[in-house]
Amino acid sequence: MSIFTQLVVIVAVVAALVQYRLSATGVSPVISVLPPLPLFPVNEATLTGKVEKIAVDDLVGPESLISTTHNGTEYMFASLGDGRIVRLVGVHDSDGVSWTTVSRTGADDKNCGRGGPADTTNTEALCGRPLGIKIAKRSSVDNANLDDDEDVLVVADAYKGLLMISGMFNDEENGGKVHTLATRANTDEKDYKFQLLNGIVQVPDGSIYISETTQYFRRRRIFHAAFDGRPTGRLLRYTTKRGVEVVAEDIYMANGLALSHDKQHILVVSGVQIWQYSLEKEQMEREPFVTVMAGTGDNIDAKDHLPNGKKQKCYWAGYGSRFAEPFTLLKALSEKPFMKSILCALVPYKTIVNAIPKLSALAVYGEDGTLIDVYQDNNVTAPWLSEAEQFGEYLYLASWYNSFLARVKIL
């Protein structure tokens, strides 16, 4: 067999393998035009040397955090990678915290949360994977006629759908009760189930808005969704009267949501940009709120102060990986479908996850979308930040990637 013939055979075999693997994973890369890489901010605030880990291998994959006060006690809730929603409380006269499991969104299996960011145990669908969480009055999300309009947790679970958890302050372990609000939109095919619900926010009229990151990939293969490039994300609206409606489509990697300070828009994190959905016009604005972020976006929250405590209306946005000069793989391959096909077909998924350079940064944007600062931990103690929440004297740092909850003392 000639060298030429051998090369033809090798190419044919590789091509067949790539096609088979793409078919098996559902990846069908397209050209995705991303904005030019920005320079990473050089005047970032530093968290270096201050970040500590809490509950290693217990509070695994804390994606979202939200704090509140109940009967004079401050609590913080976290959604975890093993399917749990936990309630944290500070220990009096101590820097410590304790936590109680409010509920699980799925089954309680010994392997829940043990598969890491790539879910190598393939148990997320069984155990549940709660992502965005918000606190709401039960009457705004549940048609039940109850005398006590209690606070409830509304949860966007990547596998189980839109959920409500009642009994969120029950002292008993697993004292909360999970209620399924929706698993598909009204106009979806009857056999369709939400593929990856992610962010969640409530607006003044009581409506709940939820992001669906992609309609083709599950959470455990979210990097395939990013490299695939098809903008199949959606913005959904839930009300007790109308169920789930699709209000915006064709969003690339729809993720975190926040209500704007003027309460006229919903901020929608989309890949490395932030867009605005007009509540009055009921449509996406034509121009992005933030044209390009220096990192891949995750959750976003409207705040009335900076991380250092200074009063100022702003938005906190978690940065996942770096998206800045001189190079990022996502940008380099964005307009090269063939190269993305090779990557997704031949490189093990866990290797892709581990190969992306780590970043630990929280961006703060002003009311007009101008970048105020980037708070960065140069030691990258807690990479892939999804969200930050002040609780007591600490700033707690969430990340779907890490096997712990991180925090830094507020100075």
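This one's a predicted model, so the numbers in the text were calculated from it and none came from an experiment. (Residues numbered from 1 in each chain as written. Predicted model: local features only at pLDDT ≥ 70, side-chain atom pairs only at ≥ 80, totals over all residues. Heavy atoms only, no water.)

A.B. asks: So what exactly am I meant to see when it comes to the environment of Lys313 here?
C.D. replies: Within the secondary structure, Lys313 is located in strand E20 (residues 311-322). If sequence neighbours within four positions are ignored, Lys313 has contacts with His261, Lys303, Asp304, Gly366 and Glu367. (Helix = DSSP H or I, 4+ residues; strand = E, 2+ residues; numbered from the N terminus. Contact = heavy atoms within 4.5 Å.)

A.B. asks: How do you make sense of the environment of Asp228 when you look at a structure like this?
C.D. replies: Summarising the element assignment, Asp228 is placed in helix H3 (residues 222-228). What makes Asp228 buried here is its relative accessible area of 1%. When residues no more than four places from it in sequence are discounted, the contact partners of Asp228 are Gly26, Val27, Ser28, Pro29, Val30, Phe217 and Lys340. Of note is the side chain of Asp228, whose polar atom sits 2.7 Å from the side chain of Arg230. (Buried < 20%, exposed > 50% of the residue type's maximum accessible area, 1.4 Å probe, protein only. Polar contact = N/O pair within 3.5 Å; in protein donor to acceptor, adjacent residues only side chain to side chain.)

A.B. asks: Looking at this model, I keep getting lost on the side chain of Arg87. Mind explaining?
C.D. replies: Here Arg87 shows up in strand E5 (residues 84-90). Of note is the side chain of Arg87, whose polar atom sits 2.7 Å from the backbone oxygen of Met168. Side-chain polar atoms of Arg87 contact the backbone oxygen of Asn170, separated by 3.1 Å. Those residues in contact with Arg87 that lie beyond four places of it in its chain are Tyr75, Met76, Phe77, Ser98, Trp99, Thr100, Val102, Met168, Phe169, Asn170 and Asp171.

A.B. asks: How do you make sense of the sheet that holds strand E14 (residues 243-251) when you look at a structure like this?
C.D. replies: In a beta sheet, neighbouring strands are held together by backbone hydrogen bonds and run either parallel or antiparallel to one another. Sheet architecture is open: four strands sit in the order E11-E12-E13-E14, paired in antiparallel fashion. The open sheet has two edge strands with one neighbour each: strand E11 (197-202) and E14. Taking each pair of neighbouring strands and ignoring which way they run, the sheet shows an average axis angle of 20°. In this sheet, strand E13 (residues 233-239) lies alongside strand E12 (residues 208-212) in antiparallel orientation, the contact comprising five bridges. Following the sheet pairing, Ile210 is matched in E13 by Leu236. (Pairing = 2+ DSSP bridges. Axes fitted to C-alpha atoms, helices over the stretch in contact; angles between N-to-C directions.)

A.B. asks: Got a minute to help me understand the sheet that holds strand E15 (residues 254-259) in this structure?
C.D. replies: Strand order in the open sheet made by the four strands is E15-E16-E17-E18, with antiparallel pairing throughout. With one partner strand each, in any of the chains shown, E15 and strand E18 (283-284) form the two edges of the open sheet. As defined by bridge partners, strand E17 (residues 273-278) adjoins E18 across two bridges and the pair is classed as antiparallel. Paired with Ser278 across the two strands is Gln283, which belongs to E18.

A.B. asks: Would you take a moment to explain the packing of aromatic side chains for this structure?
C.D. replies: Given two aromatic rings, one states the distance between the centres and the angle between the planes to describe the pair. Inspection of the entire model under this criterion finds twelve aromatic pairs. Here the aromatic residues Phe223, Tyr349, Trp384, Trp400 and Tyr401 are joined through ring pairs into a cluster of three or more. One residue, Arg407, lies across the ring of Tyr394, its end atom 3.8 Å from the ring centre. (Phe/Tyr/Trp six-rings, centres within 6.5 Å; stacked < 30°, edge-to-face > 60°. Lys NZ or Arg CZ within 6 Å of the ring centre and 35° of its normal.)

A.B. asks: Which parts of the structure should I look at to understand the state of the cysteines?
C.D. replies: Covalent bonding between the sulfur atoms of two cysteines is what defines a disulfide. This structure, assessed with the given rule, holds one disulfide. Bridging Cys112 to Cys127, the disulfide has an S-S length of 1.9 Å. Since a negative S-S torsion denotes a left-handed disulfide, the Cys112-Cys127 link at about -85° is left-handed. Linking Cys112 in the loop between strand E6 (97-104) and helix H2 (124-127) with Cys127 in helix H2, this pair joins segments that are 15 residues apart in sequence. (Disulfide = S-S within 2.5 Å.)

A.B. asks: Teacher, can you tell me more about the pattern of salt bridges here?
C.D. replies: Going through the model one piece at a time under the given rule, you end up with 19 salt bridges. One salt bridge in this structure joins Asp58 and Arg84, with 2.9 Å as the shortest N-O distance. Of the two residues, Asp58 is situated in the loop between strand E2 (52-54) and strand E3 (64-70) and Arg84 in strand E5; the sequence distance between them amounts to 26 residues. On the basis of relative accessibility, which here comes to 28%, the residue Asp58 falls in the partly exposed class. Since its relative accessible area comes to 9%, Arg84 is described here as buried. Here Glu124 and Arg219 are joined by a salt bridge, their closest N and O atoms 2.6 Å apart. Of the two residues, Glu124 is situated in helix H2 and Arg219 in the loop between E12 and H3; the sequence distance between them amounts to 95 residues. By the burial criterion, Glu124 is buried, and Arg219 matches it. (Salt bridge = Lys/Arg side-chain N within 4 Å of Asp/Glu carboxyl O.)

A.B. asks: Even after reading the chapter, I still don't get the pairing of strand E4 (residues 73-79), so can you show me in this structure?
C.D. replies: Taken residue by residue, a regular strand's side chains alternate between the two faces of the sheet. Burial of E4 is extensive: five of the seven residues sit out of reach of the surface. Here E3 pairs with E4 via seven bridges, running antiparallel. Along E4, the bridge assignment pairs Leu65 with Ala78. Counted along the chain from E3 to the antiparallel partner E4, the turn is two residues long, and its residue Asn71 has a positive phi close to 50°. Note: E4 against E5, five bridges, orientation antiparallel. Bridge pairing links Met76 to Leu88 in E5.

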